[in-house]
Amino acid sequence: MATNSDCLFCKIASGAIPVTRLFEDEQLLAFPDINPQAPVHVLIIPKQHVGSLAHTTANEAGLLGHLLASGAEVAQQQGLVKGYRLVINTGHDGGQTVDHLHLHLLGGRHMTWPPG
Ligand code: AMP
Ligand code: ZN
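Analysis parameters
Residues numbered from 1 in each chain as written. Chains lettered and ligands numbered in written order. Predicted model: local features only at pLDDT ≥ 70, side-chain atom pairs only at ≥ 80, totals over all residues. Heavy atoms only, no water. Core = buried A, V, L, I, M, F, W, Y, C linked by side-chain atoms within 4.5 Å. Buried < 20%, exposed > 50% of the residue type's maximum accessible area, 1.4 Å probe, protein only. Helix = DSSP H or I, 4+ residues; strand = E, 2+ residues; numbered from the N terminus. Contact = heavy atoms within 4.5 Å. Near = heavy atom within 4 Å. Polar contact = N/O pair within 3.5 Å; in protein donor to acceptor, adjacent residues only side chain to side chain. Areas by Shrake-Rupley, 256 points an atom, 1.4 Å probe, with all protein chains shown as cover. Nonpolar A, V, L, I, M, F, W, Y, C, P; charged D, E, K, R; others polar. Pairing = 2+ DSSP bridges. Axes fitted to C-alpha atoms, helices over the stretch in contact; angles between N-to-C directions.

1. With respect to the nonpolar core
Inference 1: Counting 15 residues, the largest nonpolar core has Leu28, Ala30, Val42, Ile44, Leu67, Val74 and Leu105 as the members making the most contacts within it.
Inference 2: Those elements giving two or more residues to this core turn out to be β2 (28-32), β3 (40-46), α2 (61-77) and β5 (103-107).
Inference 3: For this core, the element with the highest residue contribution is α2, accounting for 4 residues.
Inference 4: With near-sequence residues (within four places) excluded, valine 74 lies in contact with Phe23, Ala30, Val42, Ile44 and Leu105.
Inference 5: By size, the runner-up hydrophobic cluster in this structure holds 10 residues, among which are Cys7, Phe9, Cys10 and Ile45.

2. Observations concerning the site of ligand 1
Inference 1: Among the 16 residues in the neighbourhood of ligand 1, the closest are listed as Asp33, Asn89, Thr97, His102 and His104.
Inference 2: Contact distances for ligand 1 include 2.5 Å between an oxygen atom and a side-chain N or O atom of aspartate 33.
Inference 3: In the environment of ligand 1, an oxygen atom lies 2.6 Å from a nitrogen or oxygen atom belonging to the backbone of threonine 97.
Inference 4: Protein contacts shield 83% of the accessible area of ligand 1, which totals 510 Å² for the unbound molecule.
Inference 5: For the shell around ligand 1, the leading source of residues is helix α1 (residues 8-14), giving 3 residues.
Inference 6: Here the residues of the shell around ligand 1 are counted per class, giving 8 nonpolar, 7 polar and 1 charged.

3. Quick word on the sheet that holds strand β1 (residues 23-24)
Inference 1: Here 5 strands make up an open sheet; going across it, the order is β1-β2-β3-β5-β4 and the pairing antiparallel. Sheet topology places β1 and β4 (84-87) at the edges, where each strand pairs with a single neighbour.
Inference 2: Sheet topology note: the β1/β2 ladder contains 2 bridges and is antiparallel. In the sheet register, glutamate 24 faces β2, and the bridge partner there is leucine 29.
Inference 3: On top of the sheet, α2 reaches β1, β2, β3, β4 and β5; it is set at about 155° to β3, its chief contact.

Put into structure tokens, the structure is as follows:
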């Protein structure tokens, strides 16, 4: 599996940096965000290194579909029956700060629009 030894989320995926593993399968890992922006704030990442959504192609359609479906599954696991938000910050203007693709699951409060 492709990993990047300098990448924070690759270190989390490999277990080199320990986290609470909320959900895991062969392809994906979910863990709590260290700086939560809502009562529930979970990050879901592919275990393989993918720099961002902008680094994906149709070849990753299966992985991306699985990522989104897992977002819904973790939301259910977290009891977010009133709703939630899934976000993929992409690139500089998208507010991405960790260069390893991740899906934010935010819930447990009412979300506003537009986002900041
Ligand atoms: P983004 O700004 O979309 O790239 O999101 C990166 C997220 O990673 C931020 O919400 C950070 O709070 C979160 N984060 C950074 N370091 C860690 C860590 N060691 N464990 C869990 N979450 C982290
Ligand atoms: Zn990585």
